[in-house]
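Survey of secondary and tertiary structure
One letter stands for each residue in the lines below.
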Amino acid sequence: MGFDMAISLLGGLGIFIYGMKQMSEGLQKTAGKRLRHFLAAMTSKPIMGVGVGTIITAIIQSSSATTVMVVGFVNAGLMTLFQSVGVIMGANIGTTVTAQLIAFKLGDYALHAIAIGSFTYLFSKSKKFQYIGQVLLGFGLLFLGLETMGDTMAPLEDSVVFVNWMESFAQYPILGVLTGIVVTVAVQSSSASFGILLGLVTAGAIHYEAAIPILLGSNIGTTVTAILSAIGANLTAKRAAAAHFLFNVLGASIMIAFLYIVPDFAGFIENFILDISGFFGQINPSEERLLANTHTFFNILNTMLWLPFTGFMVYLVKKMLPGEDLTLKRGTTFIDERMLSTPYVAIDQVKKEIVAMGGISRDMVCESVEGFLNKDGDVVKKIRRHEDIVNEMEEELLHFIQKIPQGQLNDVDIRTLDKYFAVVDDIESIADDADDIAELIENRLENKLKFSSDAQSTIQEVYSIVCNVLDKTIELIKTDNLEIAAEILEAEEKLDQMQIQFRKESISRIKSSDKSINDPNSGIILLELLDDLEHISDQMADIAYSVIEIYEDDGTGRDVQEVDVV
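Just so you know, these numbers come straight off a predicted model, no measurement behind them.

This brings us to a nonpolar patch on the surface. Taken together, the side chains of Tyr172, Ile174, Leu175, Leu178, Tyr260 and Ile261 make up a nonpolar region of the molecular surface, amounting to roughly 600 Å² of accessible area. Where the nonpolar patch is concerned, the elements lending two or more residues are α8 (173-187) and α12 (235-261). Its relative accessible area of 37% is what places Leu175 among the partly exposed residues.

Below, the discussion takes up the nonpolar core. Counting residues in each nonpolar core, the largest one holds 76 residues, and the members touching the most others are Val350, Ile354, Val466 and Ile536. Elements that contribute at least two residues to this core include exactly α16 (343-374), α17 (379-403), α18 (411-447), α19 (453-479), α20 (482-511) and α21 (520-550). Residue contacts for Val466: discarding those within four places in its chain leaves Val365, Leu495, Leu533, Ile536 and Met540. Among the nonpolar cores identified, the runner-up in size contains 48 residues, and Ile196, Ile206, Ile212 and Ala266 belong to it.

Here the focus is the packing of aromatic side chains. Taken as a whole and assessed by the stated rule, the structure comprises eight aromatic pairs. Seen in terms of ring centroids, Phe119 and Phe123 are 5.6 Å apart; in terms of plane orientation they differ by 35°. Their pairing is tilted. Taken as a pair, Phe119 and Phe123 lie in helix α5 (residues 110-123) at a separation of four residues, close to a single helical turn. Taking the centre distance of 6.3 Å and the plane angle of 40° together, the rings of Phe297 and Phe298 count as tilted. Feature note: the residues Phe258, Phe265, Phe268, Phe272, Phe297 and Phe298 constitute an aromatic cluster, connected by ring pairs. In this structure, Arg444 is placed above the aromatic ring of Phe372, and the distance from its NZ or CZ to the ring centre is 5.3 Å.

What follows covers α16. Taking 1.5 Å per residue as the helical rise, α16 with its 32 residues ought to reach 46 Å, and the 46 Å between its terminal C-alpha atoms agrees with that figure. Downstream of α16 by one or two residues, Lys375 has phi in the positive range, about 55°.

The backbone of Lys448 shows a phi angle near 50°, a positive value even though the residue is not glycine. Topologically, Lys448 is positioned in the loop between α18 and α19. Given the relative accessible area of 71%, Lys448 is considered exposed. Phi angles above zero are rare outside glycine, and Asp480 is one such case at about 55°. Turning to its location among the elements, Asp480 is positioned in the loop between α19 and α20.

What follows deals with the side chain of Asn299. Relative to the elements of secondary structure, Asn299 occurs in helix α14 (residues 287-306). Taking the relative accessible area as the measure of exposure, Asn299 reaches 1% and is therefore buried. A polar side-chain atom of Asn299 sits 2.6 Å from a polar atom in the side chain of Asn219. Ignoring anything within four residues of it in the chain, the contact list for Asn299 reads Asn92, Ile93, Thr95, Thr96 and Asn219.

Below, the discussion takes up the pattern of salt bridges. Following the criterion strictly, the structure yields nine salt bridges and no others. The salt bridge involving Asp363 is made with Arg362; its shortest N-O contact spans 3.4 Å. Taking relative accessible area as the criterion, Asp363 reaches 34% and is therefore assigned partly exposed. The partner of Glu367 in a salt bridge is Lys382, and the shortest N-O contact between them spans 3.2 Å. Of the two residues, Glu367 is situated in helix α16 and Lys382 in helix α17; the sequence distance between them amounts to 15 residues. What you see here is one network of salt bridges that share partners, running through Arg362, Asp363 and Asp471.

Criteria and thresholds
Each chain carries its own residue numbering, running from 1 in the written order of its sequence. Reporting of local features is limited, given that this is a predicted model, to residues whose pLDDT is at least 70; pairs of side-chain atoms are given and counted only at 80 or more, and all residues count toward the totals for whole chains, interfaces and linings. Calculated side-chain values reflect all of the structure's heavy atoms, with hydrogen atoms and water omitted. Patch membership is restricted to residues that have no salt bridge and whose relative accessible area is over 30%. Joining uses 9 Å for like charges and 5 Å for the nonpolar side chains Val, Leu, Ile, Met, Phe, Trp and Tyr. The protein chains shown are the only cover counted for residues, whose accessible areas, like all others here, come from Shrake-Rupley with a 1.4 Å probe. For salt bridges, the criterion is a side-chain nitrogen of Lys or Arg within 4 Å of an Asp or Glu carboxyl oxygen. Working definition: helices are DSSP H or I runs of at least four residues, strands are E runs of at least two. Numbering for both runs from the N terminus. Under the scheme applied here, a residue whose accessible area is under 20% of the maximum for its type counts as buried, over 50% as exposed, and between as partly exposed, the area being computed with a 1.4 Å probe on protein chains only. The term nonpolar core refers to a set of buried residues drawn from Ala, Val, Leu, Ile, Met, Phe, Trp, Tyr and Cys, joined through side-chain atoms within 4.5 Å. Residue contacts follow a heavy-atom distance rule, with two residues in contact if any of their heavy atoms lie within 4.5 Å. We call Phe, Tyr and Trp rings a pair once their centres come within 6.5 Å, taking the six-membered ring for Trp, and we label the pair stacked below 30 degrees between planes, edge-to-face above 60, and tilted otherwise. Two conditions define a charge sitting above a ring: the NZ of Lys or the CZ of Arg must be within 6 Å of the ring centre, and it must be within 35 degrees of the ring normal. Expected span, for any helix, means 1.5 Å times one less than how many residues it has. Pairs of N or O atoms within 3.5 Å make up the polar contacts considered here, provided that, within protein, one atom can donate a hydrogen while the other can accept it, and that residues adjacent in sequence are counted only when both atoms are side-chain atoms.

This is the structure we're talking about:
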């Protein structure tokens, strides 16, 4: 291959990939948000996941985008590993729609689409029409790139060396598989590698039987994108990426084994695909169309083979990536709208949910302060994810509490529901404070701030008390033990006094001209951290007062006046 041919081929490939990117981005902008909600909501069963994965990938024209979304949802706890496998299977089918699209010889209309799309994209004032223009522009560029690659590779038909190398793939399928993997990994798109393959077929440089192993290799190579997206994610997200890899590798391996074991298996596939194509009205399809149909057939067949064994595949990836899954479930766990007809049970469910929400907020606070002391930036992402979870729980809980009918409730239960509104808000505020501390971690790392041993001791002392009181607060919500409420209020008073003392000491260090005592910037960060911890203690005191007020003058002998609240 001469230098000029290589440049032309790479240029055509670049136009093709850029066109694919523009078309995919335009489609995602047009319907991306709705599709993400659809993806998260409609995957309760593997068969539903297959359908959703197929539809979304067919619409946004990118299996990589779908699988990256899936890994993201699994990482955030919006989707389980079991649910993700079905969507990944569907994404493999959906990506063949792109192959079907580019099998049409629409190069003659490429410039028309580019002209219309670019003018619409650049000059339309409507966002909707801009996105449509971007899709048309990408569509035109895609086919322009495809035609450029086909024209560039046409001379390869007369190259004996190249044709013999391509034909060896039919005799030694593993070479074709490796080629498909390498090319797909290099261009980061199975659709782009299919475009190159289609260009070779159009140029007559490769025939159908030799193209099949390359198709199988591209199916394996496309899993690299999901694997890369799982780097730095939690264990379940890594397992979702591994499931994508395993699904494609196992499917391709079965087909490769048949190519080696069954005589003229490729010829059998060709005749079978011709029969199927004829059934759908495609009489004497072109080699390009035949190849696209084969791609679709392989991925549908692979899904049909493995869909009944989704549970087994989940078992395999857990064996491949062992360990404890620390992903928190999104949303609420205990509340159930069917229990609204029995409000006493509903109140008990609310209490359990508040305890769970409090536990998450407690862990956020303690882990954020530990991260600050240990200069651990990795904890920041975890705090942010958990803060989102607490916000979602708050919203769902408050809606549920509002729906509980109060006609059958006694005065204590009515006051309980009223105070639970305040308790839920206080817990969410504690999570917000933990998120603020996470920002201080980033500030400390970014500015490489150091703290004196006195400052470190101050943080450690306050932190120990706050975490201990957080445990007491959760126990208070569980038990309604007013003696614990008194302990919390006493501790809050102590923390207030400590806060005043530590603030004076910190300001003295800031004013000191001796930088070895404390850097002024570090002193300011320390004050902010102490303010956050003091605010957390205020929220815990508010929760204690709320529980005390539930039982005020309730006739149970637990009058608030009997409690020494300091």
